[in-house]
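Observations on chain architecture
Chain by chain, the residues:
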Amino acid sequence: MGSVTNGNAVTETDVVVVGAGFSGLYVVHSLAKLGFNVRAFEKAPDVGGTWYWNRYPGARCDSESLTYCYTFDEQLFKDWVWSERYPSGPEVLKYLRHVADRFNLRRYFQFETAIQSAVYDEAVRRWTITASTGEVLSARFFVTAVGNLSVPATPTVPGIDTFQGQWLHTGRWPLEPIDFTGKRVAVIGTGSSGVQVIQEIAKTADHLTVFQRTPTFTIPLRNLPLDPDVQRLWKSNYRELTKKSRYSDGGLPFFVSEKPLKGVSAEEQKEGLERAWGIGGFRFLFGTFCDIGSDHEANKVAADFVRGKIADIVKDPATRETLTPTAYPLGAKRIPLDTAYFQVYNQDNVSLVNLQVDPISKMTPKGLVAGTTEHEFDLVIFATGFEAITGPLLQMDIVGRGGQKLNDTWADGPYAYMGVGVPGFPNLLTLGGPGGVGVISNVPPTAEQAVEFAAECIAYLRDHQIDEIEATTEATDLWNEHVRAMAQKTMYPYAPSSWYNGSNLGKKPRPFPAYTGGFGKYRRICDAVAAEGYTSFKTHRQGDKEVTGEDNYKAHDPEWYIRVASVPSNAELASWEGRSAMWT
Ligand code: NAP
């Protein structure tokens, strides 16, 4: 439907969605199914989100294939055949394209189009949204599905423009493959992207120089072709495993140990860690002992175990020392999974520069200067991460109540309610946003939960003639108090620099931005908020003069969150099948 305001054509729609990754595809599907008019926008030429852009060699997901997919549609889950234990980037992209085709979702999206601004019009309780094409839309709801790691962060290095070779960021890799044969290559950064790309480039580059700021722990991935029997068994237990994921701590249906490391002998500790090391993946953290992530002494035992593995692999003592993390607990930073990361440093064509000793001062036409040495390169790769969490939201000029800009409101870090709402920004739903579990839980089930919460909320508002919903500062303050108290029980606050708290960009660390009580508990809290009729938000009913939700408004103290999250989940488990059927 179109209307004309001040001479400009304005397209009216119920909801505008931004992003075509896991959340964006599913939210468009869900809202359309609920009968809403949806317009969706994506900067990239096609669907895929992070998997569209992160095409660097070696890109692979650290979640196992059978957990890294949608579960809302049983037949989709059963029909899609994964080829490896962990999916490669191209395989995830192929899967998301299949989903878009299967549910005919591309018709809602306008690709190669960015949302430039979204301004809330308080008089009509709608968002006025401007796209990079110049199109202006008026929507009741603005739903962001922009991911947390979608705006690459390239450091400002003086002289970058004078470099005569090529430079790239892992998060914006070109479509054409790059041949490293005969090339002198630099990789800056040793996070998950750096570890993956380093392993690949070391195979063919003439010489690879890795520039490391903070040494990293890694755990073996142990990727394999996926055994067809395992895949069949998993699919035949789809219902049980999906329920388990949905109420698990990390969005994964695996065994979680309840045994404390400190409760067993040193031999049992070693045996448990060794077994998990052999299995590979994040099970090393949660499938071995339950106190590694919360008790510093237990954590040190596990960290020493990993340090021992690095010592076994890396032959040169000086390189080994530079590569060994000693200044922070295991798991305080997101741990990369690797195939043969530390092994590459035994190769003659690989060298390591410690940026803590020799920081990069500039780029030159030939390469870059670190300390007093000029290193010459044909190709420089920045694996330097992202303007995480807030970056993609702040790229759009979002203006809320009273003309307040999200950029100003979040100047010192995100301020948001339960990962979904922002006080002062009514009818804005941020899927996987700050204060939720988006950044620390397996993405697809987390995205499904966020989408279902948002879509059910929007449908509830329509069905109750409510035209405005807004997180309050009271509820947000109490929620954040709870989130911070929970984070203090973990290792996350002890990271020296981390994209979780913005310190990766050299900024002052912010409070840890995610709920660490577990995905299942977070789901239960969200379900309780929905069951109460969203009374912890303020709402406005159509036709009323004032915001009326304040009559119902119920600020939940942190104890409420703990009580609700701890309710036995049997009833919820039983209700899952009916709920899932609703979305199929
Ligand atoms: P990241 O974890 O933030 O790592 C960036 C790396 O670059 C770090 O080693 C960082 O050092 C370094 N760095 C940043 N700025 C620098 C500067 N100015 N000078 C020198 N070094 C600098 O980014 P990422 O590796 O792209 O990964 C981000 C997240 O994306 C991961 O944690 C993960 O959640 C996700 N991811 C997942 C996968 C997967 O599933 N396999 C793959 C890639 C990414 P410091 O450590 O000192 O900050």
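Heads up: the structure comes first, above all this text.
Residues numbered from 1 in each chain as written. Predicted model: local features only at pLDDT ≥ 70, side-chain atom pairs only at ≥ 80, totals over all residues. Heavy atoms only, no water.

The way to describe two aromatic rings as a pair is by their centre distance and the angle between their planes. Applying the stated rule across the entire model yields 38 aromatic pairs. Both rings, one in Phe77 and one in Tyr238, keep their centres 5.3 Å apart while their planes meet at 45 degrees; by these two values the pair is tilted. On the criterion of sequence distance, the pair formed by Phe77 in helix 3 (residues 74-79) and Tyr238 in helix 7 (residues 238-246) is long-range, its members being 161 residues apart. Relative to Tyr534, the ring of Phe453 has its centre 5.9 Å away and its plane inclined at 70 degrees; by these criteria the two rings are edge-to-face. Residue Phe453 is found in helix 14 (residues 443-463), and its partner Tyr534 is found in the loop between helix 16 (519-531) and strand 21 (537-541); the two are separated by 81 residues along the sequence. Each member of the pair, Phe453 as well as Tyr534, is classed as buried. The structure contains a cluster of three or more aromatic residues connected by ring pairs, namely Phe22, Tyr26, Trp51, Tyr68, Tyr70, Phe72, Trp80, Trp82, Tyr95 and Phe103. The side chain of Arg55 reaches across the aromatic face of Tyr52, ending 4.5 Å from its centre. (Phe/Tyr/Trp six-rings, centres within 6.5 Å; stacked < 30°, edge-to-face > 60°. Helix = DSSP H or I, 4+ residues; strand = E, 2+ residues; numbered from the N terminus. Buried < 20%, exposed > 50% of the residue type's maximum accessible area, 1.4 Å probe, protein only. Lys NZ or Arg CZ within 6 Å of the ring centre and 35° of its normal.)

If you look at the biggest cluster of nonpolar residues, it comprises 83 residues, and the most contacted ones within it are Tyr70 and Tyr95. With 10 residues, helix 14 is the largest single contributor of residues to this core. Inspection of this core shows a minimum of three residues originating in each of domain 1 (2-151 + 388-580) and domain 2 (219-335). In contact with Tyr70, other than residues within four places in its own chain, are Gly21, Phe22, Leu25, Tyr26, Leu76, Phe77, Tyr95, Leu96, Val99, Pro444 and Glu448. Ala59, Ile201, Tyr341 and Tyr345 belong to the second-largest nonpolar core, a separate cluster that totals 27 residues. (Core = buried A, V, L, I, M, F, W, Y, C linked by side-chain atoms within 4.5 Å. Domains from an automatic or database assignment. Contact = heavy atoms within 4.5 Å.)

A word on unusual backbone geometry. Positive phi is not limited to glycine here, since Arg222 has a value of about 55 degrees. Along the chain, Arg222 falls in the loop between strand 11 (219-220) and helix 6 (228-236). The phi angle at Met418 is positive, at roughly 55 degrees, despite the residue not being glycine. With respect to the helices and strands, the residue Met418 is situated in the loop between helix 13 (406-409) and strand 19 (428-430). For Met418, a relative accessible area of 2% gives the class buried.

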